[in-house]
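Analysis of the macromolecular model
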Amino acid sequence: MSIILISIFTMGLLAMFFAVVLVVANQKLKVREDPRVEEIMNALPGLNCGGCGFPGCHGLAEKIAEHGSLEGLGCPPGGQAVADKIAAILGIETSASVKKRAEVFCAGTRANAADKAEYRGIKTCAAARMVDCGPKACNYGCLGFGDCAKACPFDAIHVAESGVAVVDIEKCTGCGICVKNCPTRIIALIPCDQDVIVKCSSKDKGAVSRKNCKVACIACKLCEKNSPDGAFVVTGNLASVADYKKCQQGAANTAIEKCPTKCIVKLN
Amino acid sequence: MDLVLIFLSAAIVNNFVLSYFLGICPFLGVSNKIEKSVSMGAATTFVMVLAALATWLINNYILIPYNMGYLQYVSFIIVIASLVQFVEMFIRKASPALYRGLGIFLPLITTNCAILGLALFAALRQYNFIQTVVFAFAAGVGFTLALVIMAGIREELDRAPVPEAFKGAPITLIIAGLLALAFMGFAGLISG
């Protein structure tokens, strides 16, 4: 009987001792975590999509709490609604950030773009791209195996019948995961209210582009010349929209009409 | 000379992982990257030395004088569990990066039987204080050594044409077995 009592007593004492040590250590070594981090975490969508540039929502929450502002930080899928909530937590005003979405810069459908070979390998863009930059004659064309569609956490990008990926504007949150997963690098984020784009990524010389695809930008510079206000600019054999807000004006419209391959596309 | 013998014995000849088969869980769990296995080995070594110190004190100043040897197992487990808690708090404060890197395997050091085994061996062999510390450090070095060797082989294995049926756990266990066989070659080098 006494053995049991002694054991219980000794163990109790030992346990008490360690408990006290741990309690003291817990007080002394407490890691002070900003309580706002938790609140911001709750405001974020919790998708851990990585669109903000951090591995997960927690990383972003920490950074925002540390900075105390939303400057340069933000949650693309959450958009303005989440930004407002976080601003309320931090007690600051939000500046309206421009919501972005993904866009595929290629119109090289099967009907438009020529093939240089028949591809019978693994059905992913990444694999096809390894074989001489893919089966398309144009090395900047959408390969249409849907690596972007597989990567999209929001089911917002699909390969259309025509053979080119199309973004579902309603579903797209602008997280940018498809941008990273496209081996051909022809998807980019654009502001949601941009309604004119150059739907081509070919940096080949004009003559080569023209041979490869009916709707390629051939870098003729007609758009640049016809929009003296600088709505379009041609760099590296490829036209691009320099300032989409200027595309509404008359001069830019002429430029769009003059485009010989009709690669400048008006959305909406 | 005595201490050197204890060191070599615990680190190589009677390696805790490869000849006593203690601490197999982290040996298989944290041995896929060399970097991770090094930091895991370092954390375990640290806990081992601390645990050996604490258990030696308790064994020699509480349990033996009062004839309570039967409480060894229970009290050692309490010591180790509290120590790991303490180390976890300390690492979280001192190095958040290491804390995140070790993740779940840090609290799991508590249940690493190599540490309980070490404390019990030291008590059983009646090592003195210095001997216990050397023994614990050597055990930690041996543990790290086993982990790093395993991680090195497994990193190479990722590029090797392993038959489909052997991929993953089976080939890892086979390698663990072969490593243990190799370490058997040291048996008899030093007795003790």
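As the structure is a prediction and not an experimental result, all values here were calculated from the model.

Residues and elements named next belong to chain B. Taking 1.5 Å of rise per residue, 12 residues should cover 16 Å, and helix 6 (residues 113-124) covers 16 Å from first to last C-alpha, within 8% of that figure. Among the residues of helix 6, Ala114, Ile115, Gly117, Leu118, Ala119, Leu120, Phe121, Ala122 and Ala123 are the ones counted as buried. Summarising the contacts, the buried residues of helix 6 are in contact with helix 3 (34-63), helix 4 (72-94) and helix 7 (129-157). One side-chain oxygen of the residue at the start of helix 6 lies 3.0 Å from the amide nitrogen of Ala114, identifying that residue as Asn112.

This brings us to the packing of helix 1 (residues 2-28) of chain A against helix 4 of chain B. Viewed as axis vectors pointing N to C, helix 1 of chain A and helix 4 of chain B meet at an angle of 0 degrees, and their least axial separation amounts to 10 Å. Between helix 1 of chain A and helix 4 of chain B, the angle falls in the class roughly parallel. The residues of helix 4 of chain B that touch helix 1 of chain A, namely those facing A:Met11, A:Leu14, A:Ala15, A:Phe18, A:Leu22, A:Ala25 and A:Asn26, are B:Val74, B:Ser75, B:Ile78, B:Val79, B:Ser82, B:Gln85, B:Phe86 and B:Met89. For the contact of helix 1 of chain A with helix 4 of chain B, a count of residues per class yields 11 nonpolar, 4 polar and no charged.

The next thing to look at is the interface of chain A and chain B. Of the residues lining the interface, 14 residues belong to chain A; the matching set on chain B comes to 16 residues. Both sides together, the interface formed by chain A and chain B hides about 1,400 Å², and carbon and sulfur atoms give 84% of it. Our enumeration of links across chain A and chain B arrives at 0 residue pairs in polar contact (both at pLDDT 80 or more). Here the side of chain A that touches chain B is composed, by residue class, of 10 nonpolar, 3 polar and 1 charged.

Turning our eyes to something else, we now look at the nonpolar core. Core analysis: the biggest nonpolar cluster contains 59 residues, and B:Phe16, B:Leu18, B:Phe27, B:Ile109, B:Ile115, B:Leu118 and B:Phe135 have the highest contact counts within it. Contributing elements (two or more residues each) for this core: helix 1 of chain A together with helix 1 (2-13), helix 3, helix 4, helix 6, helix 7 and helix 8 (169-184) of chain B. Not counting residues up to four positions away in its chain, the partners in contact with B:Ile115 are B:Thr44, B:Val47, B:Met48, B:Ala51, B:Ile80 and B:Ile109.

Moving on, we get to the confidence of the model for chain B. All names here are of chain B. The predicted model of chain B has a mean per-residue pLDDT of 86, with 95% of residues at 70 or higher. Across chain B, element-level confidence peaks in helix 7 with a mean pLDDT of 92 and bottoms out in helix 5 (residues 96-102) with 71. In the predicted assembly, ipTM is 0.70 and pTM is 0.54.

Moving on: a nonpolar patch on the surface. Taken together, the side chains of A:Met1, A:Ile3, A:Ile4, A:Leu5, A:Ile6, A:Ile8 and B:Tyr70 define a hydrophobic patch exposed on the protein surface, amounting to about 760 Å² of accessible area. Here A:Leu5 lies in helix 1.

Looking now at the pattern of salt bridges. Residue and element names in this part refer to chain A. Going through the model one piece at a time under the given rule, you end up with 7 salt bridges over all chains. Here Glu103 ties to Lys199 by a salt bridge, and the two come within 2.9 Å at their closest N and O atoms. One end of the pair, Glu103, is in strand 1 (residues 100-104); the other, Lys199, is in the loop between strand 5 (196-198) and helix 8 (206-212), and 96 residues separate them in sequence. In terms of burial, Glu103 and Lys199 fall into one category: buried. Each of Arg101, Glu103 and Lys199 takes part in a single network of salt bridges with overlapping partners.

This brings us to the side chain of B:Arg154. Residue and element names in this part refer to chain B. Relative to the assigned elements, Arg154 resides in helix 7. Here Arg154 is buried and forms no salt bridge, its nearest opposite-charge partner Asp158 lying at an N-O distance of 6.5 Å. The residues touching Arg154, leaving out its near neighbours within four places in the chain, are Leu28, Ser31, Asn32 and Thr172.

Further remarks concern the packing of aromatic side chains. Residues and elements named next belong to chain B. For the structure shown, the criterion picks out 11 aromatic pairs over all chains. When the centroid spacing of 4.9 Å and the interplanar angle of 70 degrees are considered together, the rings of Trp56 and Phe129 count as edge-to-face. In this pair, Trp56 is assigned in helix 3 and Phe129 in helix 7, connecting sequence segments 73 residues apart. Put simply, the rings of Phe16, Tyr20, Phe121, Tyr127 and Phe135 pair up and form one aromatic cluster. Positioned over the ring face of Phe121 is Arg125, at 4.7 Å from the centre of the ring.

All names here are of chain A. A surface patch of negative charge is lined by Glu33, Glu38, Glu39, Glu62 and Glu66. Looking at the negative patch, the elements with two or more residues in it are helix 2 (35-43) and helix 3 (57-67). Considering the arrangement of structural elements, one finds Glu38 in helix 2.

Residues and elements named next belong to chain B. Direction vectors running N to C along helix 3 and helix 4 enclose 140 degrees, while the axes themselves pass 9 Å from each other. When the axis of helix 3 is compared with that of helix 4, the two are oblique. Here helix 3 runs over helix 4; the crossing is right-handed. Counting all contacts with helix 3, which are made through Phe46, Val47, Leu50, Ala51, Ala54, Thr55, Ile58, Asn59 and Leu63, the residues of helix 4 involved are Gln72, Ser75, Phe76, Val79, Ile80, Leu83, Val84 and Val87. When its residues are assigned to classes, the contact of helix 3 with helix 4 shows 13 nonpolar, 4 polar and no charged.

What counts and how
- Residues numbered from 1 in each chain as written.
- Chains lettered and ligands numbered in written order.
- Predicted model: local features only at pLDDT ≥ 70, side-chain atom pairs only at ≥ 80, totals over all residues.
- Heavy atoms only, no water.
- Helix = DSSP H or I, 4+ residues; strand = E, 2+ residues; numbered from the N terminus.
- Expected span 1.5 Å × (residues − 1).
- Buried < 20%, exposed > 50% of the residue type's maximum accessible area, 1.4 Å probe, protein only.
- Contact = heavy atoms within 4.5 Å.
- Polar contact = N/O pair within 3.5 Å; in protein donor to acceptor, adjacent residues only side chain to side chain.
- Axes fitted to C-alpha atoms, helices over the stretch in contact; angles between N-to-C directions.
- Parallel < 35°, antiparallel > 145°, perpendicular 65-115°, else oblique.
- Nonpolar A, V, L, I, M, F, W, Y, C, P; charged D, E, K, R; others polar.
- Buried area = accessible area lost by both parts, 1.4 Å probe.
- Core = buried A, V, L, I, M, F, W, Y, C linked by side-chain atoms within 4.5 Å.
- pLDDT = per-residue confidence, 0-100.
- Patch = residues over 30% accessible without salt bridge, like charges linked within 9 Å, V, L, I, M, F, W, Y side chains within 5 Å.
- Areas by Shrake-Rupley, 256 points an atom, 1.4 Å probe, with all protein chains shown as cover.
- Salt bridge = Lys/Arg side-chain N within 4 Å of Asp/Glu carboxyl O.
- Lys, Arg positive; Asp, Glu negative; His and termini not counted.
- Phe/Tyr/Trp six-rings, centres within 6.5 Å; stacked < 30°, edge-to-face > 60°.
- Lys NZ or Arg CZ within 6 Å of the ring centre and 35° of its normal.
- Charge placed at Lys NZ, Arg CZ, Asp CG, Glu CD.
- Left-handed = near helix turned anticlockwise from the far one by under 90°.

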